[in-house]
Amino acid sequence: MPSSVTSHFISTWRAGIRSRAFMTTAVIGLALIACAWLAAAFSARQPQAVALDVGISAIRIAMTLVCLSWAQELIGKEIEKRTVFFVLAYPHPRSSYVLGRYLGIITMALISLMLLTTLLIGIVHMASWGYQVPHQLQLGLPLFTNMLLMWLDLCLVTAVAVTIALASTTSLMPLLCGLGFAIAARMIGPMSNYISQGADGDEKLQAQFSPILSKLVWLLPDLDRLDVRIWPLYGAAPDMMTLAWSIVASLTYTGLILSAGILFFNRRDFA
């Protein structure tokens, strides 16, 4: 990385780890994983599978909040408080600031994700509660593949939040818009499938939402395709061709969104 990007990358790590948002959301993430262990206790059927399933969902929720909080604090608040002026005073391109901040956030997210995954594996091993598992959970490559795909999901959501932070005048917008995007992009696939399959015979619902969803699928990426938890849960490997296209689409969308944010930031007048 160029020296200017590296300096912003390092400062992002220092500020991100010290941020109150990180500490608060980390506690929430640990609490959600603890809930996964408790959820297994109330399941008389495959408690370890329940713990793994709930734990993956808990990590996804917690890490989404962490990434959005970082984008809000490390970029949104700097712009809102005008402390970004001190950064822009150096003879470095503005793009180095954006790339340094973004790379710092997604790298911290990757490390946090791997730590939480390791913790989840320990929780799953302790959640048998004396029941025999009818099938072996895949806690090796399939689980870590699912978590790396979750990281790609977080990279895209973070890119959206960073771009909103670069364009908005209030630090709250990255959190709200990023959260709205994450929910919409993760629900667009299941909703589209539900409507296309007849909506359980509800023709009125199908007629009302089918035109809207047919347009949204071209605007929003289907992040639900990056969730392959059925592989570690039940050993059902995803279709690799479909998965490859989903990865390419996610990376392309991330690049376009981040490029748009850099372009806007380069043209923004802070006077």
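Our structure's up above, just so we're on the same page.
Below is a short write-up of the structure. Note that the structure is a prediction, hence the values are computed from the model and not measured. (Residues numbered from 1 in each chain as written. Predicted model: local features only at pLDDT ≥ 70, side-chain atom pairs only at ≥ 80, totals over all residues. Heavy atoms only, no water.)

So, the environment of Phe-264
For Phe-264, the position within the fold is in helix α10 (residues 240-267). In the structure, Phe-264 is positioned 98 residues away from Leu-166 in sequence and 7.4 Å away in space, judged by C-alpha atoms. If sequence neighbours within four positions are ignored, Phe-264 has contacts with Leu-166 and Ala-167. (Helix = DSSP H or I, 4+ residues; strand = E, 2+ residues; numbered from the N terminus. Contact = heavy atoms within 4.5 Å.)

Remarks on the nonpolar core
Leu-52, Ile-59, Met-63, Val-98, Met-147 and Val-162 are the most contacted members of the largest nonpolar core, which has 61 residues in total. Those elements that provide at least two residues to this core are α2 (20-41), α3 (47-80), α5 (94-126), α6 (141-167), α7 (172-196) and α10. If one sorts the elements of this core by residue count, α6 sits on top with 16 residues. Ignoring sequence-local partners within four residues, the contact set of Val-98 consists of Val-162, Leu-166, Leu-258, Ile-262 and Phe-265. (Core = buried A, V, L, I, M, F, W, Y, C linked by side-chain atoms within 4.5 Å. Buried < 20%, exposed > 50% of the residue type's maximum accessible area, 1.4 Å probe, protein only.)

A look at the packing of α5 against α6
Axis separation between α5 and α6 bottoms out at 10 Å; the angle between their running directions is 150°. The hand of the α5/α6 crossing is right-handed. Along the contact surface, α5 presents Val-98, Tyr-102, Ile-105, Ile-106, Ala-109, Leu-110, Leu-113, Met-114, Thr-117, Leu-120 and Ile-121, while α6 presents Leu-143, Phe-144, Met-147, Leu-148, Met-150, Trp-151, Cys-155, Thr-158, Ala-159, Val-162 and Leu-166. (Axes fitted to C-alpha atoms, helices over the stretch in contact; angles between N-to-C directions. Left-handed = near helix turned anticlockwise from the far one by under 90°.)

Considering the packing of α3 against α6
Across the interface, α3 lies against α6 with an axial gap of 9 Å and an inter-helix angle of 25°. On the basis of the axis angle, α3 is roughly parallel to α6. By crossing handedness, the relation of α3 to α6 is classed as right-handed. Here Leu-52, Ile-56, Ile-59, Arg-60, Met-63, Thr-64, Cys-67, Leu-68, Ala-71, Ile-75, Gly-76 and Ile-79 of α3 lie close against α6, whose contacting residues are Leu-143, Asn-146, Met-147, Met-150, Asp-153, Leu-154, Val-157, Thr-158, Ala-161, Val-162, Ala-165 and Leu-166. For the contact of α3 with α6, a count of residues per class yields 18 nonpolar, 4 polar and 2 charged. (Parallel < 35°, antiparallel > 145°, perpendicular 65-115°, else oblique. Nonpolar A, V, L, I, M, F, W, Y, C, P; charged D, E, K, R; others polar.)

Some words on the packing of aromatic side chains
In this structure the tally under the stated criterion is 2 aromatic pairs. Judged by centre distance (5.7 Å) and plane angle (25°), the rings of Tyr-97 and Phe-265 are stacked. One end of the pair, Tyr-97, is in helix α5; the other, Phe-265, is in helix α10, with 168 residues separating them in the sequence. When its relative accessible area of 0% is taken as the criterion, Phe-265 is described as buried. Sitting above the plane of the Phe-265 ring, Arg-94 keeps its charged end 5.6 Å from the centroid. (Phe/Tyr/Trp six-rings, centres within 6.5 Å; stacked < 30°, edge-to-face > 60°. Lys NZ or Arg CZ within 6 Å of the ring centre and 35° of its normal.)

Thoughts on the environment of Gly-29
By the secondary structure assignment, Gly-29 is in helix α2. Residues Gly-29 and Leu-116, spaced 87 residues apart in sequence, show a C-alpha to C-alpha distance of 8.3 Å.

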